[in-house]
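# Chain and residue survey
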Amino acid sequence: MTRRLHAFSLSPYCRKVRLALAEKGLGVDLIETAPWERPRELVKLNPAGETPVLVEPDGTVVVDSMAICEYLEEAYPQHPLLPQRLDARAEARRLVAWFDGRFRSEVTETLLDEKVMRRMRRDGGPDSEYIRIGAANLRAHLEYVAQLADRRNWLAGESLTLADFAAAAHISCLDYIGEVDWSAYPGAKAWYARIKSRPAFRSLLSDHVPGIPAADHYADVDF
Ligand SMILES: N[C@@H](CCC(=O)N[C@@H](CS)C(=O)NCC(=O)O)C(=O)O
């Protein structure tokens, strides 16, 4: 059996796992899944009905993006995505929680959900007030990314970590729909350009979500 990932293309959680798998050189078959349609196969694997779900070649099922990333880190220590030092590991985990928690509720859930996901879920039209708030929050978060990238080699410190993948996973979804004004954040842009040009990012750049065309510059590494 091959490794499988039940994933939705525009899900930042699934994207973070895809980046971790690719960086570690682990092949995977992506099973494109719309979790809101509650497909029976997904619910059988994850009673929460959420993507991502990883199914290993030996049948091991791992649920929840951070549980999957930590599992991959322990099972496949090559190309580590958490640093050696304990304080640096804690900083990487803090930033993953920042993007998966704060960025999600302040930006992804307002901008991406309102602009795209509601339409995909046939859940009514977008609320312009949420979109305005989400766009303002995105600007504040890009400032923060720029500050981190200015002080450090990668977001959490010297080495590339899951923190970079969590941030890039969320931001790439917004970039797909053309919501990121890169010209206003040269520091954040320089960091994103580095991560975007890694081979691990290639599969994300070739994503095409039916009915939602990618922004013109989305797949361009010289954006
Ligand atoms: N804590 C979970 C969150 C996963 C999550 O929220 N996934 C979304 C896709 S982005 C989902 O499956 N939502 C269920 C739905 O849309 O019904 C993780 O990190 O994996």
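Along each chain, residues carry numbers from 1 onward, in the same order as the chain's sequence is written. At least 70 in pLDDT is required for a residue's local features to be given in this predicted model, at least 80 for side-chain atom pairs to be given and counted, and no such filter applies to totals for whole chains, interfaces and linings, which use all residues. Side-chain metrics in this entry use all non-hydrogen atoms of the structure; hydrogen atoms and water are not considered.

### Quick word on the packing of helix H4 (residues 86-120) against helix H6 (residues 162-176)
Between H4 and H6, whose axes approach to 8 Å, the crossing angle comes to 10°. On the basis of the axis angle, H4 is roughly parallel to H6. Along its contact with H4, which presents Ala92, Leu95, Val96, Phe99, Asp100, Phe103, Arg104, Val107, Thr108, Leu111 and Leu112, the element H6 presents Leu162, Ala163, Ala166, Ala167, His170, Ile171, Cys173 and Leu174. Considering only residue class, the contact of H4 with H6 consists of 15 nonpolar, two polar and two charged. A fitted line through C-alpha atoms serves as each axis, taken over the contacting stretch for helices, and the angle formed by two N-to-C directions is quoted from 0 to 180°. A run of H or I in DSSP becomes a helix once it reaches four residues, and a run of E becomes a strand once it reaches two; helices and strands are each numbered from the N terminus. The scheme is simple: roughly parallel for angles under 35 degrees, roughly antiparallel for over 145, roughly perpendicular for 65 to 115, oblique for anything else. Two residues qualify as a contact provided that any one of their heavy atoms is within 4.5 Å of a heavy atom in the partner residue. By the convention adopted, Pro, Cys, Tyr, Trp, Phe, Met, Ile, Leu, Val and Ala count as nonpolar, Lys, Arg, Asp and Glu as charged, and the other residues, Gly among them, as polar.

### Considering the environment of isoleucine 195
Inspection of the secondary structure assignment puts isoleucine 195 in helix H7 (residues 186-196). Excluding its chain neighbours within four sequence positions, the residues that come into contact with isoleucine 195 are Trp154, Leu160, Asp164, Phe165, Ala168 and Phe201.

### Some details on the site of the ligand
If you check the shell around the ligand, you find Ser11, Tyr13, Pro35, Trp36, Arg38, Glu50, Thr51, Pro52, Asp64, Ser65, Arg104 and Arg121 and nothing else. Taking threonine 51, its main chain carries an N or O atom lying 2.9 Å from a nitrogen atom of the ligand. Between N or O atoms, a polar contact is any pair within 3.5 Å; within protein, one atom must be a potential hydrogen donor and the other a potential acceptor, and residues adjacent in sequence are included only when both atoms are from side chains. Contacts to the ligand include aspartate 64, whose side-chain N or O atom sits 3.0 Å from a nitrogen atom. Burial of the ligand by the protein amounts to 81% of the accessible area it has alone, namely 520 Å². Looking at the shell around the ligand, its residues break down into four nonpolar, three polar and five charged. The cutoff for a nearby residue is simple: one of its non-hydrogen atoms must lie within 4 Å of the molecule or strand. Note that accessible areas follow from Shrake-Rupley with a 1.4 Å probe, and for residues the cover is restricted to the protein chains shown.

### Considering H7
Each residue gets one of three labels from its accessible area relative to the maximum for its type: buried under 20%, exposed over 50%, partly exposed in between, using a 1.4 Å probe on protein chains only. Taken together, the buried positions of H7 are Ala188, Trp191, Tyr192, Ile195 and Lys196. All buried residues of H7 fall inside an arc of 130° around its axis, so they share one side. On the buried face of H7, the contacting elements are helix H5 (128-151), H6 and helix H8 (202-205). The directions from the helix axis to the C-beta atoms are what the arc is built from.

### Concerning the domain arrangement of the protein chain
Domain delimitation in this document rests on an assignment produced automatically or drawn from a domain database. Partitioning the protein chain into domains gives domain 1 (4-75) and domain 2 (86-202). Taken together, the contact between domain 1 and domain 2 spans 16 residues of the former and 22 residues of the latter. Definition used for salt bridges: Asp or Glu carboxyl oxygen within 4 Å of a side-chain nitrogen of Lys or Arg. There are three salt bridges connecting domain 1 and domain 2. There are six residue pairs in polar contact (both at pLDDT 80 or more) connecting domain 1 and domain 2. Elements with a minimum of two residues in the side of domain 1 that touches domain 2: helix H1 (12-23) and helix H3 (65-75). Counting residues per element, the side of domain 1 that touches domain 2 draws most heavily on H1, which supplies eight residues. Looking at the side of domain 1 that touches domain 2, its residues break down into 10 nonpolar, two polar and four charged.

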